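Take a look at the letters that make up each chain.
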Amino acid sequence: MTTVVPTSEEDPALSVVRFTSELSWSDAGPEVAEQQVSRLCVEAQECMVRNRWLDLTSLMLTSADIVFSNSKVSEKDTRHNSYISIIRHFFSSALDLECIFTVICNLVTKSESPDEELEMAKLICAKIIQQPSDKPVLRLKILFNLYNLLDNVYCRFYVYMKALNLAMSGKVTEHIIPSCKKIDSFLKEWNLEVRDQRELFLCVANALKDSKSSAKDSFKFLTRYLATFSGEDAYIMGEAKDEAARTIIEFVKAPDMFQCDLLDMPAVAQLEKDAKYALVYQLLKIFLTQRLDAYLEFQAVNSALLKSYGLVHEDCIAKMRMISLVDLASHESGRIPYTLIKDTLRASLQIDDDEVELWVVKALTSKLIACKMDQMNQVVLVSSCTERVFGRQQWQVLRTKLGTWRDNIANVINTIQANKITEDSSQAVQGLMIR
């Protein structure tokens, strides 16, 4: 966080008002400029005396646009007014721009109420986010400086949202992505209502979506956004339809995502009978509950729909083959014959034994299944596999397995204790015999 250190007797805020007003009125001539600069300085002093910090913020921001102006100085300015050229060059550097806005942002620390602090933050943000493509990194830095100066937690949330939108508009999301990893700690601090959480999750998902390394994180925030609609009425739930469809498409597109809980979400379930998105919901159901043959039937009828969403048929086949192999692993009692794999993974061409093993290895390296291949007997021996969905049925299976595991452990303990008693008795008898 930047700290304002006074270097002269004049208040830093008054110095900023004086310099920015001189820049603003520089082309009006010396007499007019001097008069306007004096007027603005007097007005600023009056605001400080009367603790009208919101008015002072507004006054300072009125002339602040000049500090974001182009750093180049025309030959005419240099020839006719070297003083103005020097001033413009001075304020054009990133460091000086940051210093000026540091003084302006520092005014929020003098606010006398949370409402006034919020209004001051809104004024500053409105000025900063104008022209986001011009010096976007510097504008982000100023916003984060403002964030650190704020006491009101809702003000912090407000400024962070503006920073997210600025990063996206200015195409500098790489500078804000690291902060997205702290969202859970921010949520604890901000204590947001559901609607604000909803806005935050969607904004973060949008900020992350263009980063290849953050694609999974973007999907997670989309699902968190959809989860906030649980318990809402049909009217409010309808707001989520577009994003629910988008989340489904993102899941289908992702080559390394094979499991999700979208089917259990009310915001997604509403698409099942929706006139616009019913087929998208059907596609999700195929990828989470069915096999390759079901997808091929769907694609034959809805190829134009898939293309409209940017889905590549070959990529979908590759993903469905992996998913179908996992489904086989979960339903074939741990033994999958090569012939069954061939029949399941066949699309339009025959699959030979080498290709069967290739797909098994792909599933193995993706940690979808744990298995061994018995090439002699043409069988895949599966020890465990990933579930595509984890609902009530999967929880019940897990409960049964844990119960069996608990009983087996109890039997082992009992056996060990029984053997120990027998061993102790034998040793006691041997001791008596020796005596």
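K.L.:
Describe in detail the overall build of the chain, supporting the description with residues and values.
P.N.:
On a plain count of helices and strands, the chain comes out with 22 helices and three strands. Within the chain, residue pairs in contact and separated by at least 24 positions form 63% of the contacts whose partners lie at least 6 positions apart. If you sum the accessible surface of the chain, you get close to 24600 Å²; carbon and sulfur atoms cover 53% of it.

K.L.:
Any chance you could break down the pattern of salt bridges for me, citing the residues and the numbers?
P.N.:
Scanning all chains against the criterion turns up 18 salt bridges. Arg52 serves as the salt-bridge partner of Asp55, at 2.9 Å between the closest nitrogen and oxygen. Using a relative accessible area of 37% as the deciding quantity, one classes Asp55 as partly exposed. Here Lys141 and Glu98 are joined by a salt bridge, their closest N and O atoms 3.3 Å apart. Of this pair, Lys141 sits in helix H8 (residues 136–149) while Glu98 sits in helix H6 (residues 94–105); the two residues are 43 residues apart in sequence, bridging distant segments of the chain. A relative accessible area of 47% places Lys141 in the partly exposed class. A single salt-bridge network, built from bridges that share partners, covers Glu46, Arg50, Arg52 and Asp55.

K.L.:
Report on the pairing of strand S2 (residues 369–374), specifying residues and quantitative values.
P.N.:
Strand direction decides the pairing type here: S2 and strand S3 (residues 379–385), joined by six bridges, are antiparallel. Bridge pairing in S3 places Asp374 opposite Val379. In sequence, S2 turns back onto S3 through a hairpin of four residues, with Gln378 there showing a positive phi of about 55 degrees.

K.L.:
Quick one: what's the story with the side chain of Glu116, residue by residue and with numbers?
P.N.:
Structurally, the position occupied by Glu116 is in helix H7 (residues 114–128). Nearest to the buried, unbridged Glu116 among oppositely charged side chains is Arg52, at 8.6 Å. Here Glu112 takes part through its backbone nitrogen, which lies 2.8 Å from a polar atom of the side chain of Glu116. Discounting chain neighbours no more than four positions away, the residues touching Glu116 are Asn51, Trp53, Leu54 and Ser111.

K.L.:
Give a detailed account of a nonpolar patch on the surface, specifying residues and quantitative values.
P.N.:
Residues Leu402, Trp405, Ile409 and Ile413 make up a contiguous nonpolar surface patch of roughly 400 Å² in combined accessible area. Among the structural elements, Leu402 can be located in helix H22 (residues 392–434). Overall, the relative accessible area of 47% leaves Leu402 in the partly exposed class.

K.L.:
So, helix H15 (residues 241–253): which residues are in play, and what are the values?
P.N.:
For H15, built from 13 residues, the straight-helix expectation of 18 Å at 1.5 Å per residue is met to within 8% by its first-to-last C-alpha distance of 18 Å. Residues Glu243, Ala244, Ala245, Arg246, Thr247, Ile248, Ile249, Phe251 and Val252 constitute the buried set of H15. If you follow the buried residues of H15, they end up packed against helix H12 (194–208), helix H13 (215–227), helix H16 (266–269), helix H17 (278–289) and helix H19 (313–331).

K.L.:
An account of the sheet that holds S2 is needed here, citing residue identities and associated values.
P.N.:
Reading across from one edge, S1-S3-S2 is the order of the three strands in this open sheet, with antiparallel pairing throughout. One side of each edge strand has no neighbouring strand; the edge strands of this open sheet are strand S1 (335–337) and S2. Averaged over neighbouring strand pairs, the angle between their axes works out to 25 degrees when direction is ignored. Its contacts with the sheet put H19 on S1, S2 and S3, and the angle it makes with S3 is roughly 85 degrees. Together, S2 and S3 form the strand contacts of helix H21 (residues 353–365), whose direction differs from that of S2 by roughly 150 degrees.

K.L.:
Please give an account of the nonpolar core that cites residues and values.
P.N.:
Within soluble globular proteins, side chains that are nonpolar tend to cluster in buried spots. Residues Leu56, Tyr160, Leu164, Leu200, Phe251, Leu262 and Tyr295 are the most contacted members of the largest nonpolar core, which totals 127 residues. Tallying contributions element by element places helix H9 (residues 153–169) first for this core, with 10 residues. Leaving out residues up to four positions away in the same chain, Leu262 has contacts with Phe219, Thr223, Leu226, Thr247, Ile248, Phe251, Val268 and Leu284.

K.L.:
Which residues make up the packing of aromatic side chains, and what values do they have?
P.N.:
Scanning the model with the defined rule gives 10 aromatic pairs in all. Where Tyr154 meets Phe157, the ring centres are 5.6 Å apart and the plane angle is 55 degrees; that geometry is what we call tilted. With a gap of three residues between them, Tyr154 and Phe157 both fall in helix H9, about one helical turn apart. With centroids separated by 5.9 Å and ring planes inclined at 75 degrees, the aromatic side chains of Phe287 and Tyr295 adopt a geometry described as edge-to-face.

K.L.:
Any details on the packing of H8 against H9? Residues and values, ideally.
P.N.:
Running from N to C, H8 and H9 cross one another at 170 degrees; their axes reach a closest spacing of 9 Å. The angle between H8 and H9 falls in the class roughly antiparallel. Note on element contacts: H9 touches H8 through Arg156, Val159, Tyr160, Lys162, Ala163, Leu166 and Ala167, opposite Pro136, Arg139, Leu140, Leu143, Phe144, Leu146, Tyr147 and Asn148. In terms of residue class, the contact of H8 with H9 is made up of 11 nonpolar, one polar and three charged.

K.L.:
A description of the confidence of the model for the chain should follow, citing residues and the corresponding values.
P.N.:
Of all residues in the chain, 84% attain a pLDDT of 70 or more, and the chain-wide mean is 84. Overall, residues 86–92 carries pLDDT values under 50, and its contacts beyond four positions in sequence, including any with other chains, amount to 15 contacts.

K.L.:
Tell me about the pairing of S3, and please be specific about residues and values.
P.N.:
Sheet topology note: the S1/S3 ladder contains three bridges and is antiparallel. By the bridge assignment for S3, Arg335 is matched with Leu381.

Rules used in this analysis
By convention here, each chain's residues receive numbers from 1 onward along its written sequence. The predicted origin of the model limits local features to residues at a pLDDT of at least 70 and limits the giving and counting of side-chain atom pairs to 80 or more, whereas totals for whole chains, interfaces and linings rest on all residues. Based on all heavy atoms of the structure, the side-chain values leave hydrogens and waters out of the count. Put simply, DSSP marks the helices as runs of H or I at least four residues long and the strands as runs of E at least two long, and each gets a number from the N terminus on. Contact criterion: two residues are considered in contact whenever any of their non-hydrogen atoms come within 4.5 Å of each other. Note on areas: these come from Shrake-Rupley sampling with a 1.4 Å probe, and a residue is covered only by the protein chains present in the view. Within this document, salt bridges are pairs made up of a side-chain nitrogen of Lys or Arg and a carboxyl oxygen of Asp or Glu, the two lying within 4 Å of each other. For each residue, the accessible area found with a 1.4 Å probe, counting protein chains only, is set against the maximum for its type, and the residue is called buried under 20%, exposed over 50%, and partly exposed in between. When DSSP finds two or more bridges between two strands, those strands count as paired. Two residue types count as positive, namely Lys and Arg, and two as negative, namely Asp and Glu; His and chain ends fall outside the count. Any pair of N or O atoms that falls within 3.5 Å is considered a polar contact. Within protein, one atom must be able to donate a hydrogen and the other to accept it, and sequence-neighbouring residues count only if both atoms are side-chain atoms. Patches in this entry comprise residues that are over 30% relatively accessible and not in a salt bridge; like charges within 9 Å are linked, as are nonpolar side chains (Val, Leu, Ile, Met, Phe, Trp, Tyr) within 5 Å. Here, expected helix span is obtained from the residue count minus one, scaled by 1.5 Å. As a rule, the C-alpha atoms of each element are fitted with a line to give its axis, helices using only the stretch in contact, and angles between N-to-C directions run from 0 to 180 degrees. Among buried residues, those of type Ala, Val, Leu, Ile, Met, Phe, Trp, Tyr and Cys that are joined through side-chain atoms within 4.5 Å constitute a nonpolar core. Any two rings among Phe, Tyr and Trp, with Trp reduced to its six-membered ring, count as a pair given centres within 6.5 Å; such a pair is stacked if its planes are under 30 degrees apart, edge-to-face if over 60, and tilted if neither. An angle counts as roughly parallel when it lies under 35 degrees, as roughly antiparallel when it exceeds 145, as roughly perpendicular when it falls between 65 and 115, and as oblique in every other case. Ten residues, namely Ala, Val, Leu, Ile, Met, Phe, Trp, Tyr, Cys and Pro, are considered nonpolar, four, namely Asp, Glu, Lys and Arg, are considered charged, and the remaining ones, Gly among them, are considered polar. What pLDDT reports is the predictor's confidence in each residue, on a scale of 0 through 100.

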